[in-house]
Amino acid sequence: MKVLVIGGGGREHALAWKLAQSPKVQAVYVAPGNGGTSMDPRLENVPIEGNVALRDWAIANKIALTVVGPEAPLAAGVVDEFQAHGLRVFGPTQAAAQLESSKAFSKAFMKRHGIPTAEYETFSDPAKAHEYVDRKGAPIVVKADGLAAGKGVVVAMSTAEAHEAIDFMLLDNKLGVTHNEGGARVVIEEFLQGEEASFIVVCDGKSVVPLATSQDHKRLKDGDLGPNTGGMGAYSPAPIVTPAIHARAMREIIIPTIKGMEKDGIPYTGFLYAGLMIDRDGHPKTLEFNCRMGDPETQPIMMRLKSDLYDVLHAAAGQQLGDMELQWDRRTALGVVMAAAGYPLSPRKGDAITGLPKPTDEAVVFHAGTTRKGDDIVTSGGRVLCVTVLADTVKAAQAHAYEIAQGIHFDGAQYRHDIGHRAIKH
Ligand code: AMP
Ligand code: GLY
């Protein structure tokens, strides 16, 4: 079988790497891929972009399964495009992807179906939004409706910050948010306290199979300080998600979401990522939904997956997931992201990368913002690499990952030195 993975980040490198291990898979194409996928002899990059061009390429190349990595093509309807031509594709339709692409949609959905989440209101009128903030006080959270590449959320510790965020989002669009129909809107919600975890499942419209638990580190600097990023590292399992919390998240969040989407006439097929906030009493609430895998959570999760990913996603894309169970390596997987100079505001491109080790069963360096330039691999984006290792303990995984990271060089490389610290505390 031939498989196509759409995307070019670390998440897509890890998905393609795992799909290529299936005995049923004869070729994995990655569009557009990155420097890492170009070096792997089992993967092939294809320089195709745009939903229609990708669809035509998949038809011409007899692709048996397409797996969509990032949210942008999903929100633009790539799955609808493929399905309309009878192609098997794993991911939510444009309507179902609104769980991520519209905060207003997902908050209203959660309210309607009784799914635990922060109290909120939606505004398009700045005066009303400002008045609401004055009434509620800080801390308070302001979220742009629409995709914002991770920059559409302001956790305001003061009302002044919240007022500024409202003006940025509703008046100036300084954050570069892609507005949904009806123009600029914001969701303003209650500030939740607790510890975050990534709860990711595979759905086929009716059935759900949970992936291993994980946590990521969103801040740039050690100690969870500095600006928000797409994620500077991740690990699996996440000890905070105890069996009791796991059962609760399935019962109160995931199952009602899948049932609710089905009831609303927009069945959800694809990866569903619930960002959880778990309070001190072990109650999970939904911070947000993503309609895709997490990046960098995918990298450690794929290292631990023992089951055949092609079988799982092929079945899910055909509404045949049933009660499939996945097998996981008992060890901990941990990934440390190495980012470019200037990330996250203005990442520098074109720095040559040296010291990349050969992959082993215990350690793989997944690529994200890299590209091939002659015989060299150079940086081409914010998050450059994710050094991912498997080990018996979090500490051992950390030690090995940092040993590898120290041997890799590119000018201005930044990485955190404490990935996994929350898992060690537990
Ligand atoms: P999001 O892009 O929705 O994942 O939000 C980015 C980050 O903002 C989350 O990972 C949380 O750390 C934080 N956040 C979002 N919503 C809330 C909330 N209601 N209370 C506290 N923190 C939040
Ligand atoms: N690592 C967070 C995300 O993928 O949204």
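Residues numbered from 1 in each chain as written. Chains lettered and ligands numbered in written order. Predicted model: local features only at pLDDT ≥ 70, side-chain atom pairs only at ≥ 80, totals over all residues. Heavy atoms only, no water.

### A few points about helix α3 (residues 51-60)
Here is step 1 of the chain: Residues of α3 that are buried: Asn51, Leu54, Arg55, Trp57 and Ala58. Each buried residue of α3 lies within a common arc of 165° when the element is viewed along its axis, so the set occupies one face.
Here is step 2 of the chain: After α3 finishes, the residue Lys62 shows a positive phi value of roughly 50°. (Buried < 20%, exposed > 50% of the residue type's maximum accessible area, 1.4 Å probe, protein only. Helix = DSSP H or I, 4+ residues; strand = E, 2+ residues; numbered from the N terminus. Arc of directions from axis to C-beta.)

### Topic: the sheet that holds strand β10 (residues 195-204)
Backbone-to-backbone hydrogen bonds pair the strands of a sheet. The strands run either parallel or antiparallel.
Here is step 1 of the chain: What the four strands build is an open sheet, ordered β11-β10-β16-β17; its pairing is antiparallel. The sheet is open, and its two borders are formed by β11 (208-210) and β17 (284-290), each paired with just one other strand. Averaged over all adjacent pairs, the angle separating strand axes in this sheet is 35°, with direction ignored.
Here is step 2 of the chain: Note that β10 and β11 share three bridges and pair antiparallel. Its bridge partner lying in β11, Val201 is registered against Pro210.
Here is step 3 of the chain: Against the sheet, helix α10 (residues 243-263) makes contact with β10, β11, β16 (269-278) and β17, and its axis sits at roughly 50° relative to β17, the strand it touches most. (Pairing = 2+ DSSP bridges. Axes fitted to C-alpha atoms, helices over the stretch in contact; angles between N-to-C directions. Contact = heavy atoms within 4.5 Å.)

### A closer look at the site of ligand 1
Here is step 1 of the chain: Within the structure, ligand 1 sits among 14 residues, and Glu189, Glu190, Leu192, Glu196 and Glu288 are positioned closest to it.
Here is step 2 of the chain: Lys103 places a side-chain nitrogen or oxygen 3.1 Å from an oxygen atom of ligand 1.
Here is step 3 of the chain: Glu190 has a polar backbone atom sitting 2.9 Å from a nitrogen atom of ligand 1.
Here is step 4 of the chain: Contact with the protein chains hides 89% of the accessible area of ligand 1, taken as 470 Å² for the molecule alone.
Here is step 5 of the chain: At the level of secondary structure, the elements contributing two or more residues to the shell around ligand 1 comprise β7 (140-144), β8 (153-156), β9 (186-190) and β17.
Here is step 6 of the chain: A breakdown of the residues in the shell around ligand 1 according to their chemical character gives seven nonpolar, no polar and seven charged. (Near = heavy atom within 4 Å. Polar contact = N/O pair within 3.5 Å; in protein donor to acceptor, adjacent residues only side chain to side chain. Areas by Shrake-Rupley, 256 points an atom, 1.4 Å probe, with all protein chains shown as cover. Nonpolar A, V, L, I, M, F, W, Y, C, P; charged D, E, K, R; others polar.)

### A few points about the pairing of β17
Looking down a regular strand, the side chains alternate between one sheet face and the other.
Here is step 1 of the chain: In terms of burial, β17 is a largely internal element, five of the seven residues being buried.
Here is step 2 of the chain: Pairing between β16 and β17: six bridges, direction antiparallel. When the sheet's bridge partners are listed, Tyr273 is paired in β17 with Asn290.
Here is step 3 of the chain: Between β16 and β17, which pair antiparallel one after the other, the connecting turn spans five residues, and Gly282 there sits at a positive phi close to 80°.

### Quick look at unusual backbone geometry
Excluding glycine, most residues fall at negative phi; most peptide bonds, likewise, are trans.
Here is step 1 of the chain: A cis amide bond, omega -5°, links Ala138 with the succeeding residue Pro139.
Here is step 2 of the chain: Following Tyr343, the chain continues to Pro344 via a peptide bond in cis, the omega torsion being 5°.
Here is step 3 of the chain: Structurally, Pro344 can be placed in the loop between β18 (332-339) and β19 (352-353).

### Considerations on the packing of helix α8 (residues 126-136) against helix α9 (residues 159-172)
Here is step 1 of the chain: Put simply, α8 and α9 touch, their axes get as near as 10 Å, and they point 160° apart. One element, α8, and the other, α9, form an angle in the roughly antiparallel class. In this structure, α8 meets α9 at a crossing whose hand is right-handed. Residues Pro126, Ala129, His130, Val133 and Asp134 of α8 form the contact with α9, whose participating residues are Thr159, Ala162, His163, Ile166, Asp167, Leu170 and Leu171.
Here is step 2 of the chain: The residue makeup of the contact of α8 with α9, split by class, is seven nonpolar, three polar and two charged. (Parallel < 35°, antiparallel > 145°, perpendicular 65-115°, else oblique. Left-handed = near helix turned anticlockwise from the far one by under 90°.)

### Quick word on α9
Here is step 1 of the chain: With 14 residues, α9 should reach 20 Å at 1.5 Å per residue; the first-to-last C-alpha distance of 19 Å fits that figure.
Here is step 2 of the chain: By the burial criterion, the buried members of α9 are Ala162, His163, Ala165, Ile166, Met169 and Leu170. Burial along α9 is one-sided: seen end-on, the buried residues are contained in an arc of 160°. Across α9 from its buried face, at more than 90 degrees, point the exposed residues Ala160 and Leu171.
Here is step 3 of the chain: On its buried face, α9 sits against β6 (120-123), α8, β7, β8 and β9. (Expected span 1.5 Å × (residues − 1).)

### Some words on the pairing of β9
Here is step 1 of the chain: Within β9, four of the five residues are buried, leaving the element largely enclosed by the surrounding structure.
Here is step 2 of the chain: Note that β7 and β9 share five bridges and pair antiparallel. The residue bridging Val141 from the neighbouring strand is Glu189, located in β9.

### What about the sheet that holds strand β4 (residues 65-68)?
Here is step 1 of the chain: Pairing is parallel in the open sheet, where five strands are placed in the order β3-β2-β1-β4-β5. Across the chains shown, the open sheet's two edge strands, defined by having one partner strand only, are β3 (43-45) and β5 (89-90).
Here is step 2 of the chain: The sheet contacts of α3 involve β1 (2-7), β2 (27-32) and β4, and relative to β1 the element is tilted by about 170°.
Here is step 3 of the chain: Here helix α12 (residues 309-317) sits on the sheet in contact with β1, β4 and β5, set at roughly 95° to β4.

### Thoughts on the side chain of Gln414
Here is step 1 of the chain: Along the chain, Gln414 falls in the loop between α13 (394-407) and α14 (421-425).
Here is step 2 of the chain: Once residues lying within four places of it in the same chain are set aside, the contact partners of Gln414 are Leu220, Met232, Val337, Met338, Ala339, Ala340, Ala341, Gly342 and Tyr343.

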